[in-house]
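Notes for the structure review
The chain contents come next:
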Amino acid sequence: MNRLLEDLSSNFRRTDTDSARHLWSCDDRTFLAAARPDPDWPRQYFGPAYAALADRFAGNPAARTQRDIDTIRTVIAEHLPARPRILDIPCGTGRHANALAAQGLEVTGLDLQPDYLRTARTEGSASYAAADMRALPVATASIDLVLNMWNSLGYFLNPADEAATLAEFRRVLRPGGMVLVQQDLDAPAALEGRWLQHMKAPLDDGAWLLVRQVPDASLGGLACLSWVVLPGQDPFQGPAFFLRLRDDAAWARDAQAAGFATVAIARTPPGVAPHETVVLLKA
Ligand SMILES: C[S@@+](CC[C@H](N)C(=O)[O-])C[C@H]1O[C@@H](n2cnc3c(N)ncnc32)[C@H](O)[C@@H]1O
């Protein structure tokens, strides 16, 4: 608990219970006015607090990672050379990159956060470097598979930054190479306001993570706020964050604009939980 408190204090801030309750239950317009993300929000949000929460969130993280690795291995077996060169961007603390490297694959992980890369390097044998996904320090046509795992695309408020990211993914791919984008949300449902808008997840030590995510038509995605509630204490509130949402038409449009030849989208059928979307873009 003390460690969680320390991590939270780094980039979440104490708020009072009444303010948090108000933002949790107010109407969408009021919420969206309060949850306006700063354009540079990822630098504020993805710090020690987020890393601590990601480890404690949504069941067994190791099982989730293993399920992702199975998906990645299936894509490699069906579409790519047996020993593909893989780029994991953004790699976070390296859970996918290190698992794939342990299987003998050549993987480079890139991320904005030097602290996450430090953790990644201590936990496995993949290569790592700091980079912004809009400008990859990677040679043109040198990669077979770009991985973008766990809701890691769609952070930029400016659509030009989104386009630059997809263009970079395309640039580094060899002919026939692929991008795999994995998300655990249903973007078309979220765009229509049919996706979970209030989420409560138990953390260990009796703490709770609460997330409110509301579609913002002016931004083209979900504007989100999160709180961590520790027993008997006022909550911590995280910086507002944003996730651009793409339905099938938006994927087709954006992939074509970035120079991809084909797009394939697999979504968990409606009503089946947990939801997952896997998008494959082929160079
Ligand atoms: C939701 S986490 C996912 C990390 C990893 N893919 C996983 O599944 O554990 C998103 C990551 O994106 C990184 N990030 C955010 N904006 C970035 C940017 N512009 N360029 C590179 N990495 C970025 C954050 O530092 C964070 O590690």
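Residues numbered from 1 in each chain as written. Predicted model: local features only at pLDDT ≥ 70, side-chain atom pairs only at ≥ 80, totals over all residues.

As recorded in an unreviewed UniProt entry, the protein goes by Methyltransferase domain-containing protein and comes from Roseomonas fluvialis.

**Here we look at the overall build of the protein**
Assigned secondary structure in the protein consists of 11 helices and 13 strands. For a compact globule of 283 residues, the expected C-alpha radius of gyration is about 19 Å, and the protein comes in at 19 Å, within 12% of that figure. Structurally, the protein occupies a C-alpha span of about 55 × 40 × 35 Å along its principal axes. Put simply, the protein has 283 residues, and 39% of those count as buried. Pairs at least 24 residues apart make up 64% of the contacts formed inside the protein by residues separated by at least 6 positions. (Helix = DSSP H or I, 4+ residues; strand = E, 2+ residues; numbered from the N terminus. Rg over C-alpha atoms; globule rule 2.2 N^0.38 Å. Buried ≥ 20, exposed ≤ 12 C-beta atoms within 10 Å, placed from the backbone. Contact = placed C-beta atoms within 7 Å.)

**A look at the nonpolar core**
As a rule of thumb, soluble globular proteins bury nonpolar side chains together. With 42 residues, the main nonpolar core has L87, L145, V146, L147 and V172 as its most contacted residues. Ranked by residue count, the leading element in this core is strand β6 (residues 173-183), at five residues. Beyond its immediate stretch of four places on either side in the chain, V146 contacts L87, I89, F169, V172, L173 and V179. With 28 residues, the next largest nonpolar core counts L53, A187, A207 and F241 among its residues. (Core = buried A, V, L, I, M, F, W, Y, C linked by C-beta atoms within 7 Å.)

**Here we look at unusual backbone geometry**
Cis peptide bonds are those with omega within 30 degrees of zero, and the linkage from I89 to P90 qualifies with -5°. Checked against the element boundaries, P90 lands in the loop between β2 (85-88) and α7 (95-102). For A141, which is not glycine, the phi dihedral falls at a positive 55°. Mapped onto the elements, A141 comes out in the loop between β4 (127-130) and β5 (143-148). The exposure class of A141 is exposed, given the 12 C-beta atoms found within 10 Å.

**What to know about the UniProt feature "domain: Methyltransferase" (unreviewed entry) in the protein**
Mapped onto the present numbering, the UniProt feature "domain: Methyltransferase" (unreviewed entry) falls at residues 86-177. This span, residues 86-177, is 35% helix and 26% strand, and a straight line between its end C-alpha atoms measures 10 Å. (UniProt positions renumbered as here; feature names shortened; annotations may be inferred.)

**Some remarks on the packing of helix α6 (residues 61-79) against α7**
It is at 10 Å that the axes of α6 and α7 come closest, and there the two elements cross at 60°. In terms of orientation, α6 lies oblique with respect to α7. Considering only the axes of α6 and α7, their crossing is right-handed. Between α6 and α7, the residues in contact are T65, D68, I69 and I72 and R95, H96, A99 and L100, respectively. (Axes fitted to C-alpha atoms, helices over the stretch in contact; angles between N-to-C directions. Parallel < 35°, antiparallel > 145°, perpendicular 65-115°, else oblique. Left-handed = near helix turned anticlockwise from the far one by under 90°.)

**Some words on the domain arrangement of the protein**
Considered domain by domain, the protein is made up of domain 1 (15-38 + 187-244) and domain 2 (61-185 + 245-282). Domain 1 and domain 2 are separated by 26 Å when their C-alpha centres are compared. Of the residues lining the interface, 13 residues belong to domain 1; the matching set on domain 2 comes to 10 residues. Contributions of two or more residues to the side of domain 1 that touches domain 2 are made by α10 (187-191), β9 (221-229) and β11 (241-244). Here the side of domain 1 that touches domain 2 takes four residues from α10, the largest share from any one element. Class assignment for the residues of the side of domain 1 that touches domain 2 results in 10 nonpolar, two polar and one charged. (Domains from an automatic or database assignment. Nonpolar A, V, L, I, M, F, W, Y, C, P; charged D, E, K, R; others polar.)

**Points about the sheet that holds β5**
The strands making up a sheet associate through backbone hydrogen bonding, with each pair oriented either parallel or antiparallel. Read from one edge to the other, the open sheet built from seven strands follows the order β4-β3-β2-β5-β6-β13-β12, with strand pairing classed as mixed. Only two strands of the sheet have a single partner each, and these edge strands are β4 and β12 (262-267). Across the sheet, the axes of successive neighbouring strands diverge by a mean angle of 20°, strand direction being ignored. Note that β2 and strand β3 (residues 106-111) share four bridges and pair parallel. What sits directly across from L87, in β3, is T108. (Pairing = 2+ DSSP bridges.)

**Re the pairing of strand β7 (residues 198-202)**
Sparse coverage of β7 is indicated by the burial of zero of its five residues. Of the strand pairs in this sheet, β7 and strand β8 (residues 208-216) are connected by five bridges, and their pairing is antiparallel. Looking at β8, one finds that M199 is bridged to V211. The antiparallel hairpin formed by β7 and β8 contains five residues in its connecting segment, where D205 sits at a positive phi of about 65°.

**Focus: the pairing of β2**
In the classification by handedness, the crossover that spans β2, the intervening α7 and the parallel β3 is right-handed. Direction of pairing for β2 relative to β5: parallel, over a ladder of three bridges. Bridging across to β5, I86 finds its partner in L145. (Right-handed = clockwise from strand over helix to strand, strands pointing away.)

**Quick word on the environment of A62**
Here A62 shows up in helix α6. Accessibility expressed as a C-beta count within 10 Å gives 10 for A62, which makes it exposed. Measuring from C-alpha to C-alpha, the distance between A62 and R95 comes to 8.6 Å, with 33 residues separating the pair along the chain.

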